[in-house]
Structures are given as structure tokens and as C-alpha cells.
Amino acid sequence: MRKLALTMLLLLTLTGVARAGGMEDDPLLAALIVDRLEMRTADGSNPIFWDADAWIGKDLNKLWFKTEGEYRDQKIEEAEFQALYSRAVDPNWDLQAGVRRDTYQEPGMPDRNWLAVGFMGTAPYYFDVDTALFLGEDGRTSFRFKTEYEFMFTQRLVLVPEFELNAYGKNDPATRTGSGISETELGLRLRYEIRREFAPYVGINWNRLYGKTADYAKEEGADFDDVQFVIGVRLRF
């Protein structure tokens, strides 16, 4: 009887260790990355821009939340939010699908809702890529491609060139976006990682509008070809 009790105790202990080992192999994790929180130089005001991601999940399956936007003249001028299911389909790539919502504070400019599907990962030569196709109401479509690369001068000093392209399938006068390539953004930021979680940076950003989107900006007297100096901070939690 005593031997049987000891055997049962040993089996329960081994089972517990095996379960604990399984949890350690694929634990539930979460992260918040504020990739850009920055002030840009501009005529009349210095708008604040943000670009942040958060995720929670395990090795293969995660929920991703993405947001970016602009705060100007004491209000959020425009903001974008995405909620995505992310599935690893390769050691370097995730397939992501979900929804996106664009909001605008300007009176008369409607919000836009989209279905989203895309890929996020690391391309050869360590280029980080985030690209997606968006399907909206009334046959609207949109495409985005973002990439960046990190030059490590030292373990703390990092130069990051970035490129983003946005394109739309049809004109949308209500949100002042035109069909075709509407906007490109080229940035160069130099950051110093005081800690991996806290890294201030300075840089320069070139934003260019094209086609009908540029025409809408010209009609409002806004810049369609703008170079701005930036100062900001990158945060990781």
C-alpha cells in the first residue's frame, strides 16, 4: 500500500512538472510598443504623431492592436485603430486579418471602416515589413506598405530609415483621398536606447501627396510636399 502511494505521488509530481514545462514552452505573453511618439515642426503648430502596437497571445496565435494618428491644435485631428488576429505562417512572417477604423475630428468628415488582411514580418536582409489590403464600404479599397531597417552603430545608438506608401482604389472626396498612390512617407530617425524600454530620438520626415489627394490638399491651402524635423521617444513595455 505504501509503495502504491509513493508511486502515485511520483506520477502526480512528474505530471505536474510536464504540464509546467509545457506552459513554459508556450506561455501567454503580451507587449506594448510605442514605436513613434513624436513632435514635428510645422507652420503655426507642432503636431504630435503616434504609431503604436500591442499584442497578446502565444507563439503561433496572437491578437494585435495597432493605432496611429495626429494630435494638432489641442485635438485629435485623425486617428486609425486596427484589431487583428495574427497567425504565424513562417518563422519570420505572420498572417493578419481583422478590422480597421479611421476617425476624423473635422466636422463633416465621416469615419471609415475597413476589413483588413495582410502580412507582418522580417524580409531577407532584416527589413521589417508591415503590409495590408483593406476593403471598405461602397467598394472602397486601400493598400499599405511599410518597411524599416535598423543600422546598429552601437548596442544603443540606432539609425532607422523608414518608408510607407498608401494607395486607394477610388476617389473619396469626403475624406479627401484620391485614387492611386495617395501618399508616401520617408523618414530617418536616430535613437539612443538609454534602456531598451526607453529610447529618445531625433530625425527628419518627408511626406508627399500625389494625384487627387494632392489636389484636395492644394484646394485647402495645405502642404502636399512637406519636410519636417522630428523629436520623440520610443517606448517598449
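Everything numeric here is computed off the predicted structure, so don't read it as measured data.

A. Local environment of helix H2 (residues 211–219). Three or more residues of H2 are buried, namely Thr213, Ala214, Tyr216 and Ala217. For H2, the buried positions fall inside an angular range of 155° around the axis, keeping them on one side. Among the structural elements, strand E11 (180–192) and strand E12 (198–209) are those in contact with the buried residues of H2. In the segment just after H2, glycine 221 is the residue with positive phi, at about 75°.

B. View of the packing of aromatic side chains. Tallying each qualifying case throughout the model produces four aromatic pairs. Each ring, one from tryptophan 55 and one from tryptophan 64, has its centre 6.5 Å from the other, and the planes form 35°; the classification is tilted. Among the aromatic residues, ring-to-ring pairing joins Phe127, Tyr149 and Phe151 into one connected group. Above the face of the phenylalanine 49 ring, arginine 40 is positioned so that its terminal group lies 3.8 Å from the ring centre. The lysine or arginine in question, arginine 100, covers the ring of phenylalanine 134, its NZ or CZ lying 4.4 Å from the ring centre.

C. Expanded view of a nonpolar patch on the surface. A contiguous nonpolar patch, built from Leu37, Met39, Ile48, Tyr71, Ile76, Phe151, Phe153, Leu190, Val202 and Ile231 and spanning about 840 Å² of accessible area, is present on the exposed surface. A relative accessible area of 52% means that isoleucine 231 is categorised as exposed.

D. Seen up close, the environment of valine 227. For valine 227, the position within the fold is in strand E13 (residues 225–236). Judged by relative accessible area, valine 227 falls into the partly exposed class, the value being 47%. Put simply, valine 227 and arginine 208 are 19 residues apart on the chain and 8.6 Å apart in space, counted from C-alpha to C-alpha. Every residue in contact with valine 227, bar those within four places of it in the chain, is listed here: Ile204, Asn205 and Trp206.

The rules behind each value
Residues numbered from 1 in each chain as written. Predicted model: local features only at pLDDT ≥ 70, side-chain atom pairs only at ≥ 80, totals over all residues. Heavy atoms only, no water. Buried < 20%, exposed > 50% of the residue type's maximum accessible area, 1.4 Å probe, protein only. Helix = DSSP H or I, 4+ residues; strand = E, 2+ residues; numbered from the N terminus. Arc of directions from axis to C-beta. Contact = heavy atoms within 4.5 Å. Phe/Tyr/Trp six-rings, centres within 6.5 Å; stacked < 30°, edge-to-face > 60°. Lys NZ or Arg CZ within 6 Å of the ring centre and 35° of its normal. Patch = residues over 30% accessible without salt bridge, like charges linked within 9 Å, V, L, I, M, F, W, Y side chains within 5 Å. Areas by Shrake-Rupley, 256 points an atom, 1.4 Å probe, with all protein chains shown as cover. Salt bridge = Lys/Arg side-chain N within 4 Å of Asp/Glu carboxyl O.

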